[in-house]
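Letter by letter, the chains look like this.
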Amino acid sequence: MHLIKAIVRPERSDRILSDLMEAGFPAVTKFSVVGRGKQRGIKIGDITYDELQKDLLFTVVKDADCEYVIRTIMKAARSGDKGAFGDGKIFVTPVVEAYTISSGIKESPDGGLEEVQV
């Protein structure tokens, strides 16, 4: 399993979420965040805005689905055909275990399921 974190333009979030839902990946957590990338913000006249609004999307997917989900996010998040500065960034990290609180099920990367006693 992999945790995919995507930092994207807020105006692209609805399309990304819709495309993921349509592709069969409805489980996404969304945060409103501020930050800047390599461009160090944006300068308009004499004012520099170095904290830009972004959305941070989290989703955990099986290894076999990881590349497909990344491509789905990239396609929906990209501005125009070639993209633009500020379109965002995607980070991928391995997930060692996942626990479903309501059922007490522990899921491991190999697909194994185990009930956890509390």
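Residues numbered from 1 in each chain as written. Predicted model: local features only at pLDDT ≥ 70, side-chain atom pairs only at ≥ 80, totals over all residues. Heavy atoms only, no water.

- The name given to the protein in an unreviewed UniProt entry is P-II family nitrogen regulator, and the organism recorded there is Desulfobotulus mexicanus.
- What UniProt records for the protein under Function (unreviewed entry) is the sentence "Could be involved in the regulation of nitrogen fixation." (UniProt positions renumbered as here; feature names shortened; annotations may be inferred.)

Focus on the packing of helix H1 (residues 13–22) against helix H2 (residues 66–77)
Reasoning step 1: One can describe the packing of H1 onto H2 by two numbers: an axis separation of 9 Å at closest approach and a directional angle of 145 degrees. Two packed elements cross with a definite hand, and for H1 against H2 that hand is right-handed. Across from Arg15, Ile16, Asp19 and Leu20 in H1, the residues of H2 making contact are Val69, Thr72, Ile73, Lys75, Ala76 and Ala77.
Reasoning step 2: The residue makeup of the contact of H1 with H2, split by class, is 6 nonpolar, 1 polar and 3 charged. (Axes fitted to C-alpha atoms, helices over the stretch in contact; angles between N-to-C directions. Helix = DSSP H or I, 4+ residues; strand = E, 2+ residues; numbered from the N terminus. Left-handed = near helix turned anticlockwise from the far one by under 90°. Contact = heavy atoms within 4.5 Å. Nonpolar A, V, L, I, M, F, W, Y, C, P; charged D, E, K, R; others polar.)

A few points about the sheet that holds strand S9 (residues 113–115)
Reasoning step 1: Spatially, S7-S8-S9 is the arrangement adopted by the 3 strands of the open sheet, whose pairing is antiparallel. Of all the strands in the sheet, just strand S7 (98–100) and S9 have a single pairing partner and so form its edges. Taking each pair of neighbouring strands and ignoring which way they run, the sheet shows an average axis angle of 25 degrees. (Pairing = 2+ DSSP bridges.)

Brief notes about the nonpolar core
Reasoning step 1: Core analysis: the largest hydrophobic core is formed by 14 residues, its most contacted members being Ile4, Val8, Ile16, Leu20, Val61, Val69 and Ile73.
Reasoning step 2: If you tally residues by element for this core, the top one is H2, at 6 residues.
Reasoning step 3: In contact with Ile4, other than residues within four places in its own chain, are Leu57, Phe58, Thr59, Val61, Cys66, Val69, Ile70, Ile73, Ile90, Phe91 and Val92. (Core = buried A, V, L, I, M, F, W, Y, C linked by side-chain atoms within 4.5 Å. Buried < 20%, exposed > 50% of the residue type's maximum accessible area, 1.4 Å probe, protein only.)

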